[in-house]
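Structural overview for review
Here are the chains, one letter per residue:
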Amino acid sequence: MAQKRTPEKSEQHANPPPTGAARWRNGGVVRRHTLSTGAVVLGVALLAGLLASWLLESQATARLVNRAPSLLRLSTQLVSRSPIQSQVELARLAEEFERIPLVRGCEIEVRSVLADGAVAPSSAPAMRYQSQPAATAEALRLSAPIVDAAGLAYGNMSLSFAAPEYAWWDARLWVGLTMIVLAAGVALFIFDRRAQRALRPLEQVQQNLLAYHDGVEPALDLLAVQGGAGVIADAWNTFIQGVSELRREVERFRCRDAIQSAHSGGARVSGQVLDRLPVGVVRLDERDVIVHANRAACTLLALESSAIGSPLVKSVRETEIAQTLISLRGSPCGATRDVKIKSGAATSVVRTTVLSGGTEELLLMLQDVSQTVEAEQARDEFLAHITHELRTPLTNIRAYTETLTQDFLDDEQTRRECYNVIMSETRRLTKLIEDVLSVSQIESGGGRLVRAPVRVEELLRQTMQEMQAAADAKQIKLGLKIPSKVPMVSGDKHRLHQVWTNLIGNAIKYTPEGRSVSVEVESEEGRLRTRVTDTGIGIAPEHHEKIFEKFYRVDDPGVAATEGTGLGLAITREILRMHGGSIRVESELGKGSTFVIDLPPLRSIEREAARKG
Amino acid sequence: MARIVIAEDQAHIRHILMMWLGKHGHEVVEATNGRAALEALAKAPADLLITDVNMPEMDGIALTHRAFEVCPSLRHIFVVTSRCDQHEIVAQVEAHRVTVIPKPFSPKQLIKDVETVCQPSPVASIAN
């Protein structure tokens, strides 16, 4: 029988055990050959049986021909010895003859025998017997005269013989056939065993090939015959090995072709996609030649379109930048380095991220992070300023509080002074926190305006009243000049109050004692203009713009000596911007400053609605 | 008793330092910026300098760089600052002769540090 494959291998190939027709179809070569050979042997045996029956029949016929005359002679002698006196006796005798094997029929014609034993005269009527015609064919007919003792014929006798028939199922044939079949079976069995042993490798090869044909065995290597099954197996295994290597080679070529075709076909599509990316992508080969650079990369690195195929060092204007990018080769994926690239007067910061930093390929992603870096720097500066500004009042609060607990402080005036410093620094801290919150709200967009028609005159008078105490402390004269009809503005009353508080507060802070601060309102060219003028230390022209930046304080002893967060003017400008207004400063060092505010007036429709409301 | 120069543009801090140091028997000279402090150091020998960093005209770092040169008698400098980048300040000064103190600081602790620095060294006492 065919060698069974190992269970592991069957599982591996998911080859179900063959059943029924499949078993026959998948059966071994030897089995099929054995069975077909058996069928041939059976046919031959049948033919041999038929031949044997024909030979037997031939021999029997020959024997009949030889024996029939003597049988007839003996029969006539028997008739002559038996005196036949009646038709009945003749018939009984004839029937006796008919029972003789192979005798098909009998025909007797005699004259009767008289009582004395003499034969009736020839004139007497003869008795006659003739058998019924038989179904079987007549093979031989013999006739002989019946003679008495004197030698006188007194009758005639014919015997017809049938040919002996041997059917193929005749028992004798069966014996012969069985012997032949048995002999053939034994021979086949021996042949089968020997053939199987010899052809076992071929069986396995056949099994493997069937499995391979059904797609169960994808790897040719697994078709090799296991177990050292001789020369056939060795030859087969060598063949399989060769085919397997050939197939691998073909696969390799096919893959290469597929990759190349995908590359050429996909390169165009991927190039289009890459060109639409907001980030730059640059691919360099092992010699630092630009294989690909998308549109964003060309813009960031100022590359010409002809740079593709050229070394990066020659393509980028600044060699240092190219070398920085190339130095990223060998860096792990995700490694970043910021590169500063000058473009005219501006300098942009390009963050380079390694996507693939192998020796064969260097793939880099480039992002313009100038805005991010600026934002980060602004945030860091903001935090540094905040920390600095918070620490200054905190230092005073801590130092003066600690002083209050000391034994050496026996002076009531000094104690009061300490208390006042603690209180003023606490207020300063509170103001700082409020300003920081205002900046934060405005910058995050959370400081939305609650707009309503605002009567500027009322708001200004209220603010002036609130600031009067501070002005009085420095004997500063506060003046307000306002026309009789002031247009209303559409704005956030609380925020506009903050604007004027900041500006009038600053004017008082930076004005020496005994001088004056004035506020003047005028309606000009459809805009409401407010001027806050002090007679203080003044601001040099180079600071006119910068004073509106967050935490900017002029580097001046007079400014340093004055409390301030550096946020007031930044907040003021932002609030006015949100109102559609503007602020600027007119100032000369030592001659005071004037802050000019412009606000758009309320539109006529809104004014009408406000009046009705 | 030590002669101490204070460089601080914040009046309240300058005032409280003068008060504490004066009460503890030290002679204090005040300056509102680095340049004034440098002039004070050059004018008369001092034992200690207590300076802020952010000051107009000349900041505390520049003052520290020139103070030992201008005033050879100077033993130590205390730099008080409210800046976040104190490690950068430390990197810019002579660490063994300069102590950076972050604000807000304790005047009591500062007095202790001053007295520690002003104590005569054991080597000097043996030499005497």
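Our structure's up above, just so we're on the same page.
Here's what I pulled together on the structure shown here.

What counts and what doesn't
- Residues numbered from 1 in each chain as written.
- Chains lettered and ligands numbered in written order.
- Predicted model: local features only at pLDDT ≥ 70, side-chain atom pairs only at ≥ 80, totals over all residues.
- Core = buried A, V, L, I, M, F, W, Y, C linked by C-beta atoms within 7 Å.
- Buried ≥ 20, exposed ≤ 12 C-beta atoms within 10 Å, placed from the backbone.
- Contact = placed C-beta atoms within 7 Å.
- Helix = DSSP H or I, 4+ residues; strand = E, 2+ residues; numbered from the N terminus.
- Nonpolar A, V, L, I, M, F, W, Y, C, P; charged D, E, K, R; others polar.
- Axes fitted to C-alpha atoms, helices over the stretch in contact; angles between N-to-C directions.
- Left-handed = near helix turned anticlockwise from the far one by under 90°.
- Pairing = 2+ DSSP bridges.

1. Quick notes on the nonpolar core
Counting residues in hydrophobic clusters, the biggest one holds 39 residues, and the most contacted among them are Val5, Ala37, Leu41 and Leu49 of chain B. Those residues in contact with Leu41 of chain B that lie beyond four places of it in its chain are Val5, Ala46, Leu49, Ala67, Val70, Cys71 and Leu74 of chain B.

2. Topic: the interface of chain B and chain A
Facing 19 residues of chain B, the contacting portion of chain A comprises 20 residues. Of all elements in the fold, only α1 (11–23) and α5 (107–118) of chain B reach the threshold of two or more residues within the side of chain B that touches chain A. Tallying contributions element by element places α1 of chain B first for the side of chain B that touches chain A, with six residues. Grouping the constituent residues of the side of chain B that touches chain A by class yields nine nonpolar, five polar and five charged.

3. Topic: the packing of helix α11 (residues 412–444) of chain A against helix α15 (residues 568–578) of chain A
Residue and element names in this part refer to chain A. Between α11 and α15, whose axes approach to 10 Å, the crossing angle comes to 35°. Relative to α15, the crossing made by α11 is left-handed. When α11 is examined against α15, the residues Asp435, Ser438, Val439 and Ile442 are found in contact with a partner set consisting of Gly568, Ala570, Ile571 and Glu574. In the contact of α11 with α15, the residues fall into four nonpolar, two polar and two charged.

4. A few points about the sheet that holds strand β4 (residues 153–162) of chain A
Residue and element names in this part refer to chain A. Pairing within the open sheet is antiparallel, and its four strands lie in the order β2-β1-β4-β3. Two strands close off the open sheet at either side, each with one partner strand: β2 (127–130) and β3 (138–147). Adjacent strand axes in the sheet meet at a mean angle of 10° when their direction is disregarded. Pairing geometry for strand β1 (residues 103–110) and β4, over seven bridges, is antiparallel. Across the sheet, Cys106 pairs through a bridge with Leu159, a residue of β4. Across the face of the sheet, helix α4 (residues 87–98) comes into contact with β1, β2 and β4 while running at roughly 155° to β1.

5. Considerations on the pairing of β1 of chain A
Residue and element names in this part refer to chain A. Of all the eight residues making up β1, six are buried; the element is thus mostly covered by neighbouring parts of the structure. Judged from the four bridges that link them, β1 and β2 form a sheet pairing that is antiparallel. Paired with Ile108 across the bridge in β2 is Tyr129.

6. Digging into the sheet that holds strand β7 (residues 336–343) of chain A
All names here are of chain A. The five strands are arranged β6-β5-β9-β8-β7 in an open sheet whose pairing can be described as antiparallel. Since the sheet does not close on itself, it has two edges, and those belong to β6 (290–293) and β7, each with one partner. Within the sheet, the average angular offset between the axes of one strand and its neighbour, ignoring direction, is 25°. Across the sheet, helix α9 (residues 319–326) is in contact with β7, β8 (346–357) and β9 (362–368); its angle to β7 comes to roughly 165°.

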